[in-house]
Amino acid sequence: MNLWFDLIMNHPTTVTIQEVMSTGLRVLVEATNQPGFISRREMTWDRRFDASFPNLRVGEQIQAIPLREKGQKERAELSLRRLVDPWQDAKEQFRVDDILVGTIVNVRNFGIFVQLAPGIDAIVRPKDIPHLRHQLPKDVVAIGDKVQGVITEIDYEREKIEFDILKRLKMVDEARMDRSVVQYELFIDQLYKPVCRSLPEEQTANLHLQSATQAGKSLTNRKYVAPLQNLERILIIDDSSAQIASIRDHLSSIFDVEIDAARSCQEALASISTGPAYDLAIVDMNLGGEYGPDLASTFLKTHPKMAVLFASTAPVTQAQQPRINGQLFPFTHKSPEEIEEWVHHFQNGYWEETDHKESTIDEQTFIGRGSFIRQLGFMAFAQGAKDETLNRLLAQLQQETGVSQVMIVEVDSSQHLASIMALHPPLTRDLLTQCQDGLYYSPVRIITEEQREISETQISAHAHRYRNFFPLLGIRTALGIPLVVPNMPVRHGLLLLNDSEKGFDEPLKEKARVAGQFAQVILERSLMLEFMERYAVRYAQGQLLSSMFHELSTKIDALSLQATRIQPVLQKAQLASSATDQSQQIDKALGATETITDVVDDISELIQAYARIAQGETEAINVNALVNKVQRQMATKARDASIEIRLDLEPNLPAAQAIQSRLEQIIFNLVLNGIQQMEKQAKFMQKMANERRDQPLLQRGVLVIQTHYAPEREDRPVQIFVIDSGPGISRHRQEEIFRLDTSSRAEGQGLGLFISRNLVESMGGDVRLVDSVMFMGSAFAVDLLEYR
């Protein structure tokens, strides 16, 4: 076996895929009938957080490269990515002085690594990264961020590239380049790309559900995990002394941390409970027959802030991946090098895939016609009052699961009150009142305040902890799912109650968790709409009335002018000496009254038009004229901040279907946001220059507003692009910038982008972040309906 392995190592061999897992591929080597494994990291050279992996299926035969076995004789390690050499054509692809945009794939104290192409990373030294004296690279950039820089050195033999971000910023300043051209070149590939958000609602929902089930039958997405504030002490928990020594020696040679070890569950619990506080625990999945996640769930109850990394020498299926109280924990194969990479992730932040447990619900339940989840999705995004929508969702959940009662509870911790905000089937008013009496002092607090999932069995009203837990409903089992809705002053939870002793199996729990996700959407959407309602009233009272009074005053002036003309004309008619003179004066008076009638009609039409606007009725809007108006409004502020606003307006842009006051506010908010970000960047660069005794960079900014017509986008073809030369938006913040109370400014309220998205969506349009490059700028797009 080893002789064969030595002969074919680094040469392709045929393998058959036996299992597709989130951690890699379990395969069979055809030549030897030997089991093998292709880890996730060996599947592609692309290290970006959103990299796509080969679409492979069980039973498929593929070529792979055998790697050295590292002492494991029962399983071969193989690679897909090493079938190609990414550096083979590097001399034709990359040259010194090339200006490129890359994605950060690793952040270390000695520099950052930027992927210029899959398998080809460049290093940026700290001196070439904009930062202040007290900052580390991780304080200004993160994994997943895009940066633009200049190649300063290439070593093809050692496969190393040096990259410089500061040099690129100096080039922009020193060459006195037209910044609007720079910004166009930066985002040109992204500006006119088609976007999937324009699909009809049902089709979009289908795409989301299909993508949710394409990797096996698990729902996956990615989220950013922020770096640990401190990583000073590590505890390795492993029953193998050799493994402990190997991992400890390797980590100690790289990281300035204290490392302790425990060889059993009892020893680990003793170290954690009586010893110093640990920042990270590296836990073997199997501790001499004991299950590592069970140990971790025990010590996390008293040390919830401790980070945990699970490790194993064997592949782990999706169903076996470590999960504690519904939360998925990171897992790696137990090699010092891969554990080292994870320690760097904990130090600098990382992107993770969050998977539900391997689904025991068939695919038809998720995406089939009339499926449970499709029905929930339509309910969550349908128009309607919050209470009515929640009640419909709960009715669907109760019908699907067959439990006795489902409800959503609301908890106000400051008042020590818990109440039922929606339920199915309904209860009588008296029973509902009694069920809420003392409800706060029950397991409801665990669900809402501690945000923990609970599964209660053998409930007895005589037990102290269940005394206030719906004693009049005669329930015997309960499932509680926390509903996490940011920015809400109260907490929520979903409860499934049964009057039988039958517990909750995994398919039922999974349906409840999914229903909980849709309930969160309804709650968050209601929060948004309530806020927008209050905002719209204030805005209408201010901006709309101000504009209406201005136009009315013009009409009234004309009305007064005509009225003053009538009286002398009539007096002349009365004193006229002849019938002819009298007739002429009366004709003049009639002309004045006709003008008055016309003006009154204009006033009536004007009032009706503003009433339609206040009620949210759309009309044909000249977008170019509106953009010009916003530029004039912002000209003084931009000039004071040393920022130039450039317009690039499409000459024959058709009218957009919108509400003028709302669209004006959207453009205003995007422009104001860009100006504020460029001011922030200029202050940062000035401070950095003072520390380095150098000339400050980027003290002058540019903001480009472009209008564009894309007839191929049949739904929203009228587009407005707002491109700034500000500091950029870190990738892990891009999903949250449109949320309520999100702001990168200490003094900001985080309302501008939130308001903009909701204003434009109320008109059937969309606002989105097109792309962002750190230190260079961001591009936003507003997509509008064409007026027909």
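The structure under discussion appears in the preceding block.
The rules we used
- Residues numbered from 1 in each chain as written.
- Predicted model: local features only at pLDDT ≥ 70, side-chain atom pairs only at ≥ 80, totals over all residues.
- Heavy atoms only, no water.
- Helix = DSSP H or I, 4+ residues; strand = E, 2+ residues; numbered from the N terminus.
- Axes fitted to C-alpha atoms, helices over the stretch in contact; angles between N-to-C directions.
- Parallel < 35°, antiparallel > 145°, perpendicular 65-115°, else oblique.
- Left-handed = near helix turned anticlockwise from the far one by under 90°.
- Contact = heavy atoms within 4.5 Å.
- Pairing = 2+ DSSP bridges.
- Buried < 20%, exposed > 50% of the residue type's maximum accessible area, 1.4 Å probe, protein only.
- Arc of directions from axis to C-beta.
- Polar contact = N/O pair within 3.5 Å; in protein donor to acceptor, adjacent residues only side chain to side chain.
- Salt bridge = Lys/Arg side-chain N within 4 Å of Asp/Glu carboxyl O.

Engineer: Outline the environment of S246, supporting the account with residue identities and numerical values.
Structural biologist: Tracing the sequence through the fold places S246 in helix α6 (residues 241-252). Each C-alpha atom of the pair S246 and S335 lies 8.6 Å from the other, and the pair is 89 residues apart in sequence.

Engineer: For the packing of helix α7 (residues 265-274) against helix α8 (residues 292-300), give the residues involved together with the corresponding values.
Structural biologist: Between α7 and α8, whose axes approach to 11 Å, the crossing angle comes to 20°. Here α8 runs roughly parallel to α7, going by the angle between their axes. Note on packing geometry: the crossing formed by α7 with α8 is right-handed. Residue-level contacts link C265, A268, L269 and I272 of α7 to L295, T298 and F299 of α8.

Engineer: Go over the sheet that holds strand β13 (residues 258-262) with me, naming the residues and quoting the values.
Structural biologist: Ordered in space as β13-β12-β14-β17-β20, the five strands form an open sheet in which the pairing is parallel. Looking at which strands have only one partner, the edges of the open sheet turn out to be β13 and β20 (331-333). For this sheet, the mean angle separating the axes of adjacent strands, direction not counted, is 25°. Here strand β14 (residues 280-284) pairs with strand β17 (residues 307-312) via five bridges, running parallel. When the sheet's bridge partners are listed, D284 is paired in β17 with A311.

Engineer: Account for the environment of I234, with residues named and values stated.
Structural biologist: Structurally, I234 can be placed in strand β12 (residues 233-237). Every residue in contact with I234, bar those within four places of it in the chain, is listed here: V257, E258, I259, D260, Y278, L280 and I282.

Engineer: Outline helix α3 (residues 165-174), listing residues and values.
Structural biologist: Because each turn of an α-helix spans 3.6 residues, side chains separated by three or four positions end up pointing in the same direction. Within α3, burial applies to I165, L166, R168, L169, V172 and D173. Mapping the buried residues of α3 onto a view down its axis gives an arc of 160°, with all of them on the same face. Two to three positions downstream of the cap, the backbone nitrogen of L166 sits 3.0 Å from a side-chain oxygen, assigning the N-cap of α3 to D164.

Engineer: Explain the environment of G726 to me, using residue names and the numbers behind them.
Structural biologist: With respect to the helices, strands and loops of the structure, G726 is situated in the loop between β31 (718-724) and α19 (752-761). Counting along the chain gives 49 residues from G726 to Q677, while the straight-line C-alpha distance between them is 5.4 Å. Ignoring any residue separated from it by four or fewer positions in sequence, one finds G726 in contact with M678, Q681, F775, M776 and G777.

Engineer: Give me the lowdown on the pattern of salt bridges, citing residues and values where you can.
Structural biologist: When the charged atoms of two side chains with opposite charge come close together, those side chains can pair. Across all of its chains, the model carries 29 salt bridges by this definition. Note that K146 and D771 form a salt bridge whose closest N and O atoms lie 3.0 Å from each other. Of this pair, K146 sits in strand β9 (residues 146-155) while D771 is found in strand β32 (residues 766-773), placing the two residues 625 residues apart along the sequence. A relative accessible area of 27% means that K146 is categorised as partly exposed.

All we've got here are geometric facts, nothing functional implied.
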